[in-house]
Amino acid sequence: MTSRRDIMKAGLAAGALGYLPFGITRAEAQALASLQIFVPAAPGGGWDGTGRAIEAVMRAEKIMEAFQFEHAPGAGGVVGMPKFMSSKKGQPNAIMIGGMVMVGAIIANKAPLKLSDLVPICRLTGEYEAIVVPAESPFKTMKDLVAAFKADPGKISWSGGSAGGTDHILVGMIAKAVGVDPKKIAYVANSGGGPVIAAVLGNQVSCGVSGYGEFAEHIKAGKMRLLAMSSDKRLPGINAPTLKEEGVDVELANWRGVFGAPGITPQQQEALVGLFDRLIASEGWKQELIKRDWTGIYMRGNAFGSYVEAETTRITGVLKDIGLA
Amino acid sequence: MDTFSQLMQGFAIALTPINLLWCLVGVAVGTAIGVLPGLGPALTIALLLPITTKVDPTAAFILFAGIYYGAMYGGSTTSILLNTPGESANIVTSLEGNKMARKGRAGAALATAAIGSFVAGTIGTIGITFMAEPVVKLALKFGPAEYFSLMMLCFITVAAVLGNSAIRGLTALFVGMFLGMIGVDNQSGQLRFTFGVTELYDGINVIVVAVGLFAIGETLWLATRPKEQQEEVLEVKDSIMMNREDWRRSWKPWLRGSLIGFPIGAMPAGGAEIPTFLSYSLEKKLSEKPEEFGHGAIEGVAGPEAANNASAAGVLVPMLALGLPTSATAAVMLSAFQSYGINPGPQLLSTNGALVWGLIASLYIGNAMLLVLNLPLVGLWVKMLKIPAPHLYGGILIFATIGTYGISRSVVDLMLLYAVGVMGFFMRRFDFPTAPVIIGMILGPLAEMNFRQAMTISQGDPMIFIQKPLSLFLLVLAALALLGPALWGLTKRWRGVTGEA
Amino acid sequence: MLGVFMIGFAVVVAYATAAIPQSTYAKIGPAVVPWAITAGLFVLGILLTLEGLRGGWWHDEATQLDWRGILWLGAGLLSNLVLIDGVEFGGKQLVPAFGFILSSTLLFACTARAFGSPNFLRDGAIGFTLALVAYVGFDRVLGYQIGSGLVERFI
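Being a predicted model, the structure only gives us computed values, none of them experimental.

Asks: Can you walk me through the overall build of chain A in this structure?
Replies: Helix and strand content of chain A: twelve helices and ten strands. Within chain A, the proportion of its 325 residues that are buried is 55%. Pairs at least 24 residues apart make up 77% of the contacts formed inside chain A by residues separated by at least 6 positions.

Structure, rendered in structure tokens:
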């Protein structure tokens, strides 16, 4: 939805920018003088935060000056994605924020969409999942929890986000890895991280599963105990073993990334990737990652595309196991 | 340092001219979006998040808190004057408030709402200052079983708003519960009643239904009545302010509403609507003149309005004490903390004390500002009724459009809004009460979710609801509220027959 | 009549409930509460029918509908739906997106007409001003996204 005003703005910005990335024709550079960020979620959420962070840092680092935001919330991105595909088709300066949540949402909602229909730009950030128990809990280690879970799966209640979401997927993977029928999990689904924190703090459930960031402050304050992280190796600053170290062969990152509109040329794709190369290299972005407690797991272009394909296959399998696909 | 001296330091921060200005801007914007149907504080604050890159955290939070409190004040105005609630927490207010306005007592209704909001907001803020810890402890005791029992208690409130016919009231309730079921089932991830429409996957927004049912429904209803029959009922006959009798009947509901609203607001699944339902039904039970309910009883405005403002303060308790968001607005405010690199959590008070106490102090100030702003506005608002009906309702429809389309940019939502409006029209025409639809829509899915969560935790054993003392207590309370009057009658008769004491 | 309608509604709800996939996974499945609601709607539908047959509870019978008002308002709402974002069908733009300001202007004028205001053009002017002010305030100042259209792109 480029209005006349924005084209004018874009032209001005292009003049001011005075920087032409290598190998890009003049017309393409002009188009890239403004960036349309499409967020398939409501303002104020995680994807919106990612988009705003991109905007703030790109502006500060003079990578890009003109931004337009558009939001289309609903169903983990399933409502927004088709809108992005039809309204931005072939537009070289349109990007959509997305992530692992969307992979699950597309499968679980049986939406006739494929993330591979979009042009992969990059994986930006990731957050690893944490498994915590109430401070009063008898489980001291992940091994304790797994032993109790294997003995009587129904007795261990797992509190996490909505059914079929990242947290649920992780629990399904754990169950499968330790040989428990994933359909027997007593999963207590909540809308968002807040209720999960409350349930763990109030000792209402056996354990809680969510992104580490949600729990971080409560773990530091000693109000809950961190048993394990879903990362492939130990993370700096987090004093807990990985699931793999605890004998559960599972690894999961809740990643967020950027996609381009369908129908753009490989050159146009490369131009967008180029923007993010510069973003990642900038000092401002490093600061932003620290400030927001994000882990940078940059992966560019078509490598990211193959990664998304592999994730889709893997998650489809897990969702089938827990009876959601 | 003790609480009091910290609070004084907070005032020193909040009382600087620039922060006072932010507070004023906040409460003014908040009042405006509160008045307009469909526009709420959560989205407005989310849209203002980019401001965090430009101003310092104290100023931003004072602005956001002002918007939040202001929206709670503003919502009552249109409920009372036009029977079109600005927020779902003000639906109950319209029940008695609009009836009062129709009797020419709009001024008194607006005044009791404004003063009640001030009283409750102040009590709530005092609660944040001194009671945060015990309230958080109580709130965390609530698990799925306790919530389910609380919902059962709330369902009793439907009895208070049934209108003339129990059958029609219950029908409205069930239709509301049906609407609430639409979308992806949170516990199992299955789609329910979406009929293949992706826009319905996340369910229907309560705001869309509330605005459709009230604002659109009311407009359709009035537009289709023959013009010569339209009476000018809303003329203000009385004095604008409350009289002595109004004060006498209002102060207890204000206090009771505050006491209900504050702790429920602090609960992770409490919200602002539930305390208004509870307060309304409590006031109806305790009123000296229960027969006035449904015809403009001032207690029915004073109690719920106090309850929703106190709950707004309650929401801030777990947010500031634990970094725990219990409402959409609190979640957005927390993400604002994060964009400053502040991690809200149990240590927020010790790591960012100045910010928190400045924020709390600004709540006292914002509340006072709102009262000063709103009392004189009562006269102005009442004049709004002098706008000719064609333009007044044309304007309402425009703002209802912004409130819906501006949230999602979805024509599907707009269609839903109008469809619900048509439903609201038919409900008015066939004398169905509309409030139970909203009650069902809010309580139905919540009750279901907590019931199923509790059953998952207990491995399918329903005894969990009576084994937990707090849950049992709430269920007994609900049973008493439902059966109490009947039992009372029975005991009396039984005493009469046997002659025993 | 209304009771029959409610029963019909209950049947539709029952049909849709039957379409909810049963997952054995959760302790209480996703269709349990919907079935309870279906049953409730059905019983209430029957009770409403009985009440209707006994007659006399429709208090509003005396009031006649103002059909002209309904038509004007209906036209206003419908035009708003069609014009605000345009209509696209089969890849072709059947109606261009007029945008919020113009569609709201029409909505305002039609509503005013439905309430018996005689001067359509003057109402249109008032509506245009109101929509313009609202657009600038909410879209440009507060950042609500109310979309773009024929007038919006010049602001």
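Asks: Explain the overall build of chain B here, please?
Replies: Looking only at helices and strands, chain B has 20 helices and two strands in total. For 501 residues, the compact-globule estimate of 2.2 N^0.38 gives 23 Å, and the C-alpha radius of gyration of chain B, at 22 Å, lies within 12% of that figure. Here the C-alpha coordinates of chain B stretch approximately 65 × 60 × 55 Å along the principal axes. Per-residue burial over chain B gives 66% buried out of 501 residues. In chain B, of all internal contacts separated by at least 6 residues, the share reaching a separation of at least 24 is 80%.

Asks: Explain unusual backbone geometry to me, please; I cannot follow it from the model alone.
Replies: Excluding glycine, most residues fall at negative phi; most peptide bonds, likewise, are trans. Residue and element names in this part refer to chain A. Positive phi values are uncommon outside glycine, yet Lys62 reaches one of about 55°. Along the chain, the position of Lys62 falls in the loop between α3 (46–60) and β2 (66–71). Note on Lys62: 13 C-beta atoms within 10 Å, which makes it partly exposed. Of note in this structure, Asn203 is not a glycine but carries a positive phi near 55°.

Asks: Quick question: what am I supposed to make of the interface of chain B and chain A here?
Replies: How big an interface is tends to be stated in terms of accessible area lost as the parts join. Across the boundary between the two partners, chain B contributes 42 residues, which contact 41 residues of chain A. Listing elements by their share of the side of chain B that touches chain A, those giving two or more residues are α3 (41–47), α13 (328–339) and α18 (435–457) of chain B. The leading source of residues in the side of chain B that touches chain A is α13 of chain B, at four residues.

Asks: Would you mind showing me how to read the pairing of strand β9 (residues 253–260) of chain A here?
Replies: Remember that side chains alternate between the two faces of the sheet whenever the strand is regular. Residue and element names in this part refer to chain A. Counted residue by residue, β9 has eight buried out of eight residues, so it is predominantly covered. Side-chain alternation along β9 places Ala253, Trp255, Gly257 and Phe259 on one buried face and Asn254, Arg256, Val258 and Gly260 on a second face that is also buried. Pairing analysis gives five bridges linking strand β3 (residues 94–99) to β9, with the strands arranged antiparallel. Pairing of Met96 across the sheet is with Phe259, part of β9. Across eight bridges, the pairing between strand β4 (residues 119–134) and β9 is antiparallel. Bridged to Val119 within β9 is Gly260.

Asks: How do you make sense of helix α8 (residues 193–201) of chain A when you look at a structure like this?
Replies: Since one α-helical turn is 3.6 residues long, residues separated by three or four positions face the same way. Residue and element names in this part refer to chain A. Most of α8 sits out of view: nine of its nine residues are buried. Three or more residues of α8 are buried, namely Gly193, Gly194, Pro195, Val196, Ile197, Ala198, Ala199, Val200 and Leu201. Where α8 terminates, the next one or two residues include Asn203, which has phi positive at roughly 55°.

Asks: Even after reading the chapter, I still don't get the pairing of strand β8 (residues 224–229) of chain A, so can you show me in this structure?
Replies: All names here are of chain A. Counting buried positions along β8 gives six out of six residues, so the element sits mostly inside the fold. Where β4 meets β8, five bridges bridge the pair, whose relative direction is antiparallel. Within the sheet, the bridge partner assigned to Ile131 lies in β8 and is Ala228.

Asks: Can you help me understand the interface of chain B and chain C in this one?
Replies: Contact with chain B, which involves 48 residues of that partner, is made by 60 residues of chain C. For the side of chain B that touches chain C, the secondary-structure elements that each account for two or more residues are α3, α8 (166–181), α9 (206–223), α16 (389–408), α17 (411–429) and α18 of chain B. Top contributing element to the side of chain B that touches chain C by residue count: α16 of chain B, with twelve residues. Among the residues making up the side of chain B that touches chain C, the classes are represented as 25 nonpolar, 14 polar and nine charged.

Asks: How should I be thinking about the domain arrangement of chain A in this particular structure?
Replies: Residues and elements named next belong to chain A. Per the domain assignment, the segments of chain A are domain 1 (4–126 + 253–321) and domain 2 (127–229). Just the C-alpha atoms count here: the centres of domain 1 and domain 2 sit 31 Å apart. For the side of domain 1 that touches domain 2, the elements supplying multiple residues, two or more each, are α5 (100–108), β9 and α12 (301–321).

Asks: What is the right way to look at the confidence of the model for chain A in this model?
Replies: Low pLDDT means the predicted atomic positions in that stretch should not be read closely. Residues and elements named next belong to chain A. The predicted model of chain A averages 82 in pLDDT, with 90% of residues at 70 or higher. The secondary-structure element of chain A with the lowest mean pLDDT is helix α1 (residues 4–17), recorded at 37, while β8 shows the highest, at 94. Contacts for the low-pLDDT stretch residues 1–30, under 50 throughout, to residues beyond four places or in other chains number 34 contacts.

Asks: Help me understand the environment of Ala39 of chain C in this model?
Replies: Mapped onto the elements, Ala39 of chain C comes out in helix α2 (residues 32–54). In sequence terms Ala39 of chain C and Ala14 of chain C are 25 residues apart; their C-alpha atoms lie 8.3 Å from each other.

Asks: Any chance you could explain the confidence of the model for chain B here in plain terms?
Replies: Scored by pLDDT, chain B has a mean of 82; 92% of the residues are at 70 or more. Predicted complex metrics record ipTM = 0.86 and pTM = 0.80.

Asks: Is there a simple way to explain the packing of helix α3 (residues 67–85) of chain C against helix α4 (residues 100–114) of chain C in this structure?
Replies: Residue and element names in this part refer to chain C. Where α3 contacts α4, the two axes come as close as 8 Å, and the packing angle between them is 175°. With respect to their mutual orientation, α3 and α4 come out roughly antiparallel. Counting all contacts with α3, which are made through Gly69, Trp72, Leu73, Ala75, Gly76, Leu77, Ser79, Asn80, Leu83 and Ile84, the residues of α4 involved are Phe100, Leu102, Ser103, Ser104, Leu106, Leu107, Cys110, Thr111, Arg113 and Ala114.

Asks: When you look at the environment of Pro138 of chain A in this model, what are you seeing that I'm missing?
Replies: With respect to the element layout, Pro138 of chain A can be found in the loop between β4 and α6 (142–151). Residues Pro138 of chain A and Ile106 of chain A, spaced 32 residues apart in sequence, show a C-alpha to C-alpha distance of 38 Å.

Asks: Just checking my understanding: could you explain the packing of helix α6 (residues 106–140) of chain B against helix α10 (residues 244–266) of chain B for this structure?
Replies: Geometry of a packed helix pair, given as the angle between the helix axes and the separation of the axes. Residue and element names in this part refer to chain B. Interhelical geometry of α6 versus α10 gives an angle of 35° and a closest axis separation of 7 Å. When the axes of α6 and α10 are compared, the crossing they make is right-handed. On α10, the residues that touch Ala108, Thr112, Gly116, Val119, Ala120, Ile123, Gly124, Gly127, Val135, Val136, Leu138 and Ala139 of α6 are Asp246, Ser250, Trp254, Gly257, Ser258, Gly261, Phe262, Pro263 and Ala266. Along the lines of polarity and charge, the residues of the contact of α6 with α10 split into twelve nonpolar, eight polar and one charged.

Asks: What am I meant to see in the environment of Met423 of chain B here?
Replies: Here Met423 of chain B lies in helix α17. Put simply, Met423 of chain B and Leu213 of chain B are 210 residues apart on the chain and 7.0 Å apart in space, counted from C-alpha to C-alpha.

Parameters at a glance
Residues numbered from 1 in each chain as written. Chains lettered and ligands numbered in written order. Predicted model: local features only at pLDDT ≥ 70, side-chain atom pairs only at ≥ 80, totals over all residues. Helix = DSSP H or I, 4+ residues; strand = E, 2+ residues; numbered from the N terminus. Buried ≥ 20, exposed ≤ 12 C-beta atoms within 10 Å, placed from the backbone. Contact = placed C-beta atoms within 7 Å. Rg over C-alpha atoms; globule rule 2.2 N^0.38 Å. Pairing = 2+ DSSP bridges. Nonpolar A, V, L, I, M, F, W, Y, C, P; charged D, E, K, R; others polar. Domains from an automatic or database assignment. pLDDT = per-residue confidence, 0-100. Axes fitted to C-alpha atoms, helices over the stretch in contact; angles between N-to-C directions. Parallel < 35°, antiparallel > 145°, perpendicular 65-115°, else oblique. Left-handed = near helix turned anticlockwise from the far one by under 90°.

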